[in-house]
Each structure stands twice: as structure tokens, then as C-alpha cells.
Amino acid sequence: MKKRMLLGIVFCLLATPGFTENYLLNGGQESTISYRMIQTVTPSAATRKIMLSYVSPVSYASPTYNQRIENLDINFSPSPSKRESKTDENGNTIIEVAWDKPAGTITASIDMVAKNSVKLEALRTDAPFPVAMMPGAVKKYLAATSQVPADNPEIRRKARELTRPAETQFDAVQLILTWVVDHMRYVQPPQSYDAMYAFHSGKGNCQNYSHLTAALIRAVGIPVRIVNGVTLDEPYKINQGGTTLVMKNAQGRHSWIEVYFPDLKWVPFDPQCSQLFVSNRFIRIEVGLDNNDTENDGLIRWTRLKGTTDKPAFREAITADFVSDTATLAGKRMDYGPRNKLLGPPVLADFKKTAVAIKKPEPVALTPQQMKALTYTVPYIFGNLEFPENLDFQSARGHVAQAPDGSMKIVKNFLVETAEYVTTQGKKYAQSFVLEKPVRLQAIGLALHNFSSAGQLWIELSTSKNGIPGAPIATSDLLTVSDLPHQPGYRWVDFDFSGEDIILLPGRYWAALGFTGGPIVNWFFSYGKPTGPQDGTRYRTLFDEAWSHSLAFEFNYRIKGSIPKKFAN
């Protein structure tokens, strides 16, 4: 494929959009889901006893999200030496099983039908702020814990600052959530899972989002409980008028929160992107004060010979068949709220419609001709760079710790495979990026996992016009799929543009993945938009010249090249 040089085209520095990303949703979802989770645990030669625990999912109702569990069946092979059931202080029903001197692989299967629904319409709440008296049963969810330090002076100070103008409970919660959505960036795995790590670093996974939000909300006297469950990777669409927003979760374990309102009772929030609801792609399983308190579902414990360090091998696989599925959701963007995406139903309550101030980057004080004449000597890498390279997600598990009874346990880590199958026939995927410096392009890398040996891949680089891919600039060298590694995990695959002297001036561009010959390739993505515009990840179908499907996540990509020394700082 012939490359095209960037000639005679002038790009202006793209200013950060001056609007918010707060969407009010109307409509609903109805699904019947046939769900199965299979876990296999293979003891080592030093293992003396294996102990597993699971929480029975229960039916649940809220003003927005509802779950009805039917035909729950939990089986073990071989049969355990011991099996018992108990209910903990949070109301979770825990099934505990054990095998003495296990000789081979243990399999646990959890099967059920989940009839999940979401109904989004105008929601009324009159709860005042500061909060009035709370029922005794919910006061425990005001507690400070090591992961949710609601009594930490920094947390208390920030919570008071954020909620100072609030007169209703909804306003207080929305102000806190707006700050969290803009303060945080999703990464996996984080260095720590507690609220203070998220508060200071601005990074974390779903546990960090939940812990930080819970700490801030509890700090102003509003009860919050942590929910552990599973999200399913079935996408759903939100009609935005001229475009369609495509929402998608990874298939795996997830943490979110429920906030108590005196007039609404417990209502779910996903602090990564939603308030007063979660989608019906969520399977709710366990609740507690924090994620240490909600560790029982899928917990693996064991005893071993003294002086040994072996641990069991573990794998977990989740499948979900949507027997029926309807979604009729429409979203309208508001002129208030965070600059990162936040979805929720319309709310009939008093609250202040505050827009976050957005700082625009300084313009580059050079003409395009002057930029091209510069000497490009400083190596430069830019993009959405953080993802867990070479990780086998199916067997990944948390760190080993000692339980209070002296046994060992594997702590859940909520690592999930956030990826999209991008070589499906009839669709073409593109990722936008914004440069604030002139770059001599060498390569564009994508975080990919290859499942096949057929075909070829390339990247088509183009300008941006009206927020979608515009005029073509260049095409990378062809990459033969059989040359890619064939092993678990995702890794950088670089597409070479060094054959011609391509200088990208400050501005917005698009990198679209092209393919031929039937390859099977996944492209890893990050929740949210860590580096690019909110509308900067799209796909088009065969006859869709408008790239009308906007994705709510950002693919992991990197731009490699060089910049002039004067732009190095």
C-alpha cells in the first residue's frame, strides 16, 4: 500500500473541548442471562487442605437496577469433605467447602439465571444535606476502615470542601462523584487498592474508585457500602441523536458502591462512570464495608507442609449467554458536571449545576514552516501507555497472604481483560490522538493479542475532520500476523512509518487498524479516556462513512518518534 506524505496541510493546536460529559439517560434494559462461572484449583504436592468459599447471589431491587436470581446451582467435583452455609453480619449467605489431603484438581461450578433490568426515568429525592437521622441498621456503613479511611483528616477536609455548597444529599453525592470521575484514571494493577493511594496518585482500579468515593461520602455522614460482583462484556448502545455511544465492560470481577438515601433506600453507583444506577450487565453478589470485608466470594485458602512455600494453581472462567436482551436508552449531554463521562437518570432534587473549568493548552508560537525546518533529535513516546503487558488474565490472581487462622489465602485482585475484537468483518476501528508538540513519526504501537496466524495488519493515519477520520496522511508498512507472538497476554505491536519523512504538526489525528486475510486480533483498552478526546475512539460499519459509533473507552496506543530539543521540556 502506497504511503502519502503530509504536504501542504496546516494543523492548529487542538484546544481541550469546552463542554462537560454529563449525560442524562432515559429508557431501560431487560435481559435474561444464563450465567456460569467455573473455577479450577490444582493443589501442589505440599498442600494439606483446600478451603473455598462462595457467596450465593440474591435477588435485589432498587429504584433503577433490579436483579432476580433463579435456578442457582453450585456444584463441586470431587465432592468436598465438608460443606456448610452461614450468613455474615452484612447479610451475605456464604457457602464454605473443604477438601482434606486433596489428590487432584478441584472444580467448582456456579450456574444460575439472572433476570436483570434497569429502568431510568426522572427520579425524585428530597433528602436534605447535612443528612438527617439514619436507621440504626445502616449506620455501620459510616465506619472508617483501613481501605476506606473516612476519618482521615485529608479525606474529611476534601469532602467538606467539595460539599460546602450542597443543600441536598443528592447534590453532596454528585459533587463528590464529579470530583472523583475527573481526579481518577483507571489503571491495572495499581500499587495499592485503598482510598489514600487513589487520593494521592489519582490512579487505581475499580476497588480504588469505590474506596475513595466511599471514604469521601462517609466522611460527610452518608452511608455507603461496597458491592462486589461480576460485569459481563455484552455491549449496549445509548442513542445520542446523531451518534451512538457504545458502552462495554470487561467480563470479570468488579467493585462498585451503593449509597443510602432515606427516601430511595440503597441505590447503586459505579464511581467510574455512573450515578444512581448500574447497567444490567452487572451481577451483584456480595456487600460489605470495603473489599477486605467482601472477600468471601471465590476465596481460596489452604494449609501446607511446614517450611514449604508452594501455592495451588488457579483458573477462573466466566460465560454468559444473553437468552433475551433489549436496551432502549437515550442520552442527552448537559452543560454541567465533570469533563469525563458520567451517566445517570434525570433527578428531581435541588442541586447546583456546576461545570468544571477546563484549561486550554497554550498555542505553539511557531508557523508550520518553522516547525518543519526544526531538527528532530530528542526521542519521544506519547500515548495511552499503561496496561498489564504479557499477563495471562485467566490464571492471574492476587497476592498470597496469611489468614487469621494461620492458613494461606489468595487475595482477589480484580484484574480484568479489557479488550475488543477488532478484526471482525464489517467493522473498522480507529483511535484518535492529540499532539501538542511537532513529532517526526517513526512508528505507532498498539497493545494487541493475536489468536491466529492468518492475514496482514496495517495502520492508516489520517487527519481529523469534524471529529472523525478525515484526509489520509500515510499507511504503515504491512505486518504479517504469523510473525506476531502466539502466547497469552497483550504486548506492544509497532507499525513502522519510518520509510518516509512524516512530520506531524500539533493537532488531532486518527490511527485506524486495517486488515486482510481473516486475522483474529484483540486490542486492549482502558476504561475512560486517559489521554484523548471523549469522542476519540470509534468504529464504522461497511456503509457508515460518518464513523457514527463512539466507544466509551480508549484503546492503548503509543506514538514513537522524535521532537525538536526546544520542545523537550
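Residues numbered from 1 in each chain as written. Predicted model: local features only at pLDDT ≥ 70, side-chain atom pairs only at ≥ 80, totals over all residues. Heavy atoms only, no water.

(A) Representation of empty space enclosed by the protein. As enumerated under the stated definition, the model contains three cavities of 30 Å³ or more in all. Estimated volume of the largest cavity: approximately 70 Å³. Lining the largest cavity, in full, are Tyr35, Met37, Tyr54, Val55, Pro57, Ile110, Met112, Ile285 and Asp297. Only β1 (22-42), β2 (47-55) and β7 (106-120) provide two or more residues apiece to the lining of the largest cavity. In terms of residue class, the lining of the largest cavity is built from eight nonpolar, no polar and one charged. Forming the walls of the second largest cavity are Tyr186, Val187, Gln188, Glu386, Phe387, Pro388, Thr418, Phe524, Phe525 and Ser526. Element by element, the count of residues in the lining of the second largest cavity is highest for strand β33 (residues 521-527), at three residues. Among the residues making up the lining of the second largest cavity, the classes are represented as six nonpolar, three polar and one charged. (1 Å grid on protein atoms, 1.4 Å probe; cavity = no way out; pocket = protein on both sides within 12 Å on 5 of 7 lines; lining within 4 Å. Points joined across faces, edges and corners; volume = space filled by probe spheres on them. Helix = DSSP H or I, 4+ residues; strand = E, 2+ residues; numbered from the N terminus. Nonpolar A, V, L, I, M, F, W, Y, C, P; charged D, E, K, R; others polar.)

(B) How the structure looks around the sheet that holds strand β23 (residues 408-410). Read from one edge of the open sheet, six strands run β5-β6-β2-β17-β23-β22, paired in antiparallel fashion. Whereas interior strands pair on both sides, the edge strands pair on one side only; in this sheet they are β5 (82-87) and β22 (400-402). In this sheet, adjacent strand axes meet at a mean angle of 25 degrees when their direction is disregarded. Inspection of the sheet shows β2 paired to strand β6 (residues 93-100) by seven bridges, in the antiparallel sense. When the bridges of β6 are listed, Val55 appears paired with Ile94. (Pairing = 2+ DSSP bridges. Axes fitted to C-alpha atoms, helices over the stretch in contact; angles between N-to-C directions.)

(C) Quick look at the pairing of strand β17 (residues 299-304). Bridging between β2 and β17 involves six bridges; their strand directions are antiparallel. In the sheet register, Lys49 faces β17, and the bridge partner there is Thr303. Where β17 and β23 come together, three bridges link them in antiparallel fashion. Looking at β23, one finds that Trp302 is bridged to Met408.

(D) Fine view of helix α5 (residues 206-219). Taking 1.5 Å as the rise per residue, α5 with 14 residues should run 20 Å; its terminal C-alpha atoms sit 20 Å apart, in good agreement. Within α5, 14 of the 14 residues are buried, leaving the element largely enclosed by the surrounding structure. (Expected span 1.5 Å × (residues − 1). Buried < 20%, exposed > 50% of the residue type's maximum accessible area, 1.4 Å probe, protein only.)

(E) Quick peek at the sheet that holds strand β15 (residues 265-269). Overall, antiparallel pairing links the four strands, which are arranged β15-β14-β11-β16 in an open sheet. Of all the strands in the sheet, just β15 and β16 (282-288) have a single pairing partner and so form its edges. The mean angle between the axes of side-by-side strands here comes to 35 degrees, regardless of whether they run parallel or antiparallel. Sheet analysis places strand β11 (residues 224-231) next to strand β14 (residues 252-261), joined by eight bridges and oriented antiparallel. Following the sheet pairing, Val227 is matched in β14 by Trp256. Of the strands in this sheet, β14 and β15 are in contact with helix α3 (residues 169-183), which crosses β14 at around 150 degrees. In this fold α5 packs onto β11, β14 and β16, with an angle of close to 15 degrees to the strand it touches most, β14. (Contact = heavy atoms within 4.5 Å.)

(F) Region of interest: the layout of surface pockets. The calculated volume of the second largest pocket comes to roughly 820 Å³. Where the lining of the second largest pocket is concerned, the elements lending two or more residues are β14, β18 (313-333), β24 (419-421) and β33. When residues in the lining of the second largest pocket are grouped by element, the largest group, five residues, is from β18.

(G) Representation of the packing of helix α2 (residues 153-163) against α5 in the model. Running from N to C, α2 and α5 point in directions that differ by 70 degrees, and their axes come no closer than 8 Å. Between α2 and α5, the angle is such that the two are roughly perpendicular. Here Ile155, Arg156, Lys158 and Ala159 of α2 lie close against α5, whose contacting residues are Leu212, Ala215, Leu216 and Ala219. Grouping the amino acids of the contact of α2 with α5 by side-chain chemistry returns six nonpolar, no polar and two charged. (Parallel < 35°, antiparallel > 145°, perpendicular 65-115°, else oblique.)

(H) Fine view of a positive patch on the surface. Where like charges cluster on the molecular surface, the positive patch consists of Arg156, Arg157, Arg160 and Arg164. Within the fold, Arg157 resides in helix α2. (Patch = residues over 30% accessible without salt bridge, like charges linked within 9 Å, V, L, I, M, F, W, Y side chains within 5 Å. Areas by Shrake-Rupley, 256 points an atom, 1.4 Å probe, with all protein chains shown as cover. Salt bridge = Lys/Arg side-chain N within 4 Å of Asp/Glu carboxyl O. Lys, Arg positive; Asp, Glu negative; His and termini not counted. Charge placed at Lys NZ, Arg CZ, Asp CG, Glu CD.)

(I) Structural context of a negative patch on the surface. Together, Asp126, Glu167, Asp263 and Asp350 give the surface a local cluster of negative charge. For Asp350, a relative accessible area of 60% translates into the label exposed.

(J) Representation of the side chain of Gln272 within the structure. Take Gln272: it is sitting in the loop between β15 and β16. Overall, Gln272 belongs to the buried group, its relative accessible area being 14%. Apart from the residues lying within four places of it in its own chain, the contact partners of Gln272 are Val181, Tyr186, Cys206, Tyr209, His254, Lys341 and Tyr527.

(K) Main features of the pattern of salt bridges. Under the counting rule described, the total for this entry stands at 26 salt bridges. With a shortest N-O distance of 3.3 Å, Lys560 and Asp494 are connected by a salt bridge. With a gap of 66 residues between them, Lys560 in strand β37 (residues 557-564) and Asp494 in strand β30 (residues 491-496) connect regions that are remote in the sequence. Overall, Asp494 belongs to the partly exposed group, its relative accessible area being 31%.

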